[in-house]
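This is what each chain is made of:
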Amino acid sequence: MGIKRKLSDIIREIFFPEGITCNVCGKELDKEQKEYSLCDECNKGLVKIKDSVVIRGGHETISAFRYEKTARKYVLFYKDSGKPYIADYIGKYLAEKYAESNIKADEVCFVPSSPSAIKRRGYDGMKYVAAKFSEITGVKLNENLFRKDGIDQTKVSNEKRFENVKDKFMSKGGFSGTVVILDDVVTSGATLGECADVILSHGADKVVCLTFASACEPKTPTEESKTSTEEIKISACETKDK
C-alpha cells in the first residue's frame, strides 16, 4: 500500500536531513544522537526543571527546561531563523514532559502568533509544535484560539506585559474538559494567563499550561552550577526579561 507524503516533508528531508548535524551548533552527529539531532555538548546545555509554577489566575504552568543555553538557542532558531522543522523536536520534548507530568488532557491548543508575526515568519510557530504534540500523544488538537495584532511582548517590560495582552486573544469556537495549552517560553505568565482565561470562558473545565522553556527565576542559588542531569526546582514565578 502506498503512503502519501507531504511535499513539505520531502523538501525538509532534502535540505535538513535528520541526524546529520546538530540543530544548535551544526556539528556532525553520531548514530545515537539522531533522534533529537542534538550533539552531546548541546544536550548538556538543556537544564531540566522539576517543579511547576502558578501564574496569574492560578493556572499551573509546567516547563521542560530553563530558558538558557541550548533551550534559548532552540527557541530563537525556531522563531526567527527560518527553521520551522525544529517544531518536531520541540513537540517531542513537550510530549515527553506531558507524559512525565501525568497530565490527562482532553484537548491541546497553543498560544497563537499575531497576524503580523505569521506574515513575517511565514508560519505560526506553536501551531506546528502543537500538531506534532497531538500526533505523539493522541490528544485532540483544538485551533480555536486566535490573536489580534499588537505590540510584541518582548518589546515591553514585565510590569506592562499583563496590560499589553489584555483582550488580545479571542476564540472562534468552544473548548471542553481539561485543556493543555502549549507555548515556547513562559516569562511573566501574562500571555498564558490571558489565553487560559479565554479558554475557560469558552467551555473548558481546567487549563494546564505547558512550555518548552521557562524564564521564571529559580529559587535555588546554585543555578549556574546545574547541568542537564540535575533538575532545578522553581516554586514561584519570579521573572526576568528575555
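Attention here is on the structure that accompanies the text. (Residues numbered from 1 in each chain as written. Predicted model: local features only at pLDDT ≥ 70, side-chain atom pairs only at ≥ 80, totals over all residues. Heavy atoms only, no water.)

Focus on the overall build of the protein chain
Counting its secondary structure elements, the protein chain contains 8 helices and 12 strands. The contacts in the protein chain between residues at least 6 apart in sequence include a share of 70% that link residues at least 24 apart. For the protein chain, the computed accessible surface area is about 12,400 Å², with 50% contributed by carbon and sulfur atoms. (Helix = DSSP H or I, 4+ residues; strand = E, 2+ residues; numbered from the N terminus. Contact = heavy atoms within 4.5 Å. Areas by Shrake-Rupley, 256 points an atom, 1.4 Å probe, with all protein chains shown as cover.)

Remarks on the packing of helix 4 (residues 87–100) against helix 6 (residues 125–137)
Two numbers describe a pair of packed helices, the interaxial angle and the distance between the axes. For the pair helix 4 and helix 6, the least separation of the axes is 8 Å and the interaxial angle reads 50 degrees. Taken as axis vectors, helix 4 and helix 6 run oblique relative to one another. Regarding helix 4 and helix 6, the two cross each other, and that crossing is right-handed. Every residue of helix 6 that contacts helix 4 at Ala87, Asp88, Ile90, Gly91, Lys92, Leu94, Ala95 and Tyr98 is listed here: Tyr128, Val129, Lys132, Phe133, Ile136 and Thr137. In terms of residue class, the contact of helix 4 with helix 6 is built from 9 nonpolar, 2 polar and 3 charged. (Axes fitted to C-alpha atoms, helices over the stretch in contact; angles between N-to-C directions. Parallel < 35°, antiparallel > 145°, perpendicular 65-115°, else oblique. Left-handed = near helix turned anticlockwise from the far one by under 90°. Nonpolar A, V, L, I, M, F, W, Y, C, P; charged D, E, K, R; others polar.)

Quick notes on a negative patch on the surface
Among the surface-exposed residues, Glu28, Asp30, Glu32 and Asp40 lie close enough to one another that they form a single negatively charged patch. With respect to the helices, strands and loops of the structure, aspartate 40 is situated in helix 2 (residues 40–43). (Patch = residues over 30% accessible without salt bridge, like charges linked within 9 Å, V, L, I, M, F, W, Y side chains within 5 Å. Salt bridge = Lys/Arg side-chain N within 4 Å of Asp/Glu carboxyl O. Lys, Arg positive; Asp, Glu negative; His and termini not counted. Charge placed at Lys NZ, Arg CZ, Asp CG, Glu CD.)

A look at the environment of alanine 215
Structurally, alanine 215 can be placed in the loop between strand 9 (206–214) and strand 10 (216–217). Separated by 143 residues in the primary sequence, alanine 215 and arginine 72 have C-alpha atoms spaced 9.5 Å apart.

Regarding unusual backbone geometry
If you check the backbone angles, serine 37 has positive phi at about 45 degrees while not being a glycine. With respect to the helices and strands, serine 37 occurs in the loop between helix 1 (7–15) and helix 2.

Quick look at the nonpolar core
Core analysis: the biggest nonpolar cluster contains 43 residues, and Leu38, Tyr74, Phe133, Leu182 and Phe212 have the highest contact counts within it. Elements supplying a minimum of two residues to this core: strand 3 (59–66), helix 3 (69–80), helix 4, strand 4 (107–110), helix 6, strand 8 (178–186) and strand 9. Ranked by the residues each element gives to this core, the list is headed by helix 4, at 7 residues. With residues up to four places along the chain from it excluded, the contact list for tyrosine 74 reads Asn23, Val24, Tyr36, Leu38, Ile86, Tyr89, Ile90, Tyr93 and Phe212. Membership of the second largest hydrophobic core comes to 19 residues, among which are Val53, Ile55, Val207 and Cys209. (Core = buried A, V, L, I, M, F, W, Y, C linked by side-chain atoms within 4.5 Å. Buried < 20%, exposed > 50% of the residue type's maximum accessible area, 1.4 Å probe, protein only.)

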